[in-house]
Amino acid sequence: MTSPAAPGSAKTTLPAVFRPTLTRVVLLGIGGALVLVMAVMSFMLESFTAGDRVTFIGTGLLGLGVLALLARPKVVATPEGVTVVNLTTVRRLAWAEIVRVNLRPGDSWVHLDLADGTTLPAMGIQPGMARERAVTQARTLSALVAEFGTGGSTT
């Protein structure tokens, strides 16, 4: 995984992966702790049968699965284009398809304006816990769109 450079500095190395790292660490940490607590509790409660223990641990694993799904979003920029991975969808875009990168105040994540007139949320760049990092990533992606794409690009 390559870390993108700030715009205006050394050229960004592709592929560049943008993801909300702190959010991801928190979500997966909570999920792991949930499984651990549920497993320990299921064995500490002597009245539990084997089926109860399996159900308890399974519930913890289900919670971990949901949190892992929430930690999934990322945006990957390659010389061929951009891949946007959101919660349940993956969309590959050619550079020419992206007209503009938007991260307005109050937005939960970046939005990509596309050449067909639609907007695609890119949840991999979100200012939730690390606003400055998200702004830097949005500017870097915007600079890449300007360099590789055909549309104008602003944040």
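Residues numbered from 1 in each chain as written. Predicted model: local features only at pLDDT ≥ 70, side-chain atom pairs only at ≥ 80, totals over all residues. Heavy atoms only, no water.

Undergrad: Whenever I open this one, the packing of aromatic side chains confuses me. Can you help?
TA: Within a pair of aromatic rings, the relevant descriptors are the distance that separates the centres and the angle that separates the planes. Counted by the stated rule, this structure contains 2 aromatic pairs. Measuring from centroid to centroid gives 5.2 Å for Phe48 and Phe56, while their planes differ by 80°, and the two rings are edge-to-face. (Phe/Tyr/Trp six-rings, centres within 6.5 Å; stacked < 30°, edge-to-face > 60°.)

Undergrad: Explain unusual backbone geometry here, please?
TA: In terms of backbone geometry, most residues other than glycine have negative phi values and most peptide bonds are trans. Of note, the amide linkage connecting Leu14 to Pro15 takes the cis form, showing an omega dihedral of 5°. Here Pro15 lies in the segment before strand 1 (16–18). (Helix = DSSP H or I, 4+ residues; strand = E, 2+ residues; numbered from the N terminus.)

Undergrad: What is the right way to read the nonpolar core from this model?
TA: As a rule of thumb, nonpolar side chains are buried together in soluble globular proteins. Counting 24 residues, the largest nonpolar core has Phe18, Val110, Leu112, Ile125 and Leu141 as its most contacted members. Those elements that place two or more of their residues in this core are strand 1, strand 2 (74–78), strand 3 (81–85), strand 5 (98–102), strand 6 (110–114), strand 7 (119–122) and helix 3 (131–148). Ranked by residues supplied to this core, first place goes to helix 3 with 6 residues. (Core = buried A, V, L, I, M, F, W, Y, C linked by side-chain atoms within 4.5 Å. Buried < 20%, exposed > 50% of the residue type's maximum accessible area, 1.4 Å probe, protein only.)

Undergrad: Can you help me understand helix 2 (residues 50–70) in this one?
TA: Helix length check: helix 2 (21 residues) gives 30 Å between terminal C-alpha atoms against 30 Å at 1.5 Å per residue, within 8%. All of the buried residues along helix 2 are Arg53, Gly60, Gly63 and Leu67. Buried residues of helix 2, viewed axially, fall in a sector of 95°; they line one side. Summarising the geometry of helix 2, the exposed residues directed more than 90 degrees from the buried face are Ala50, Val54, Thr55 and Leu62. (Expected span 1.5 Å × (residues − 1). Arc of directions from axis to C-beta.)

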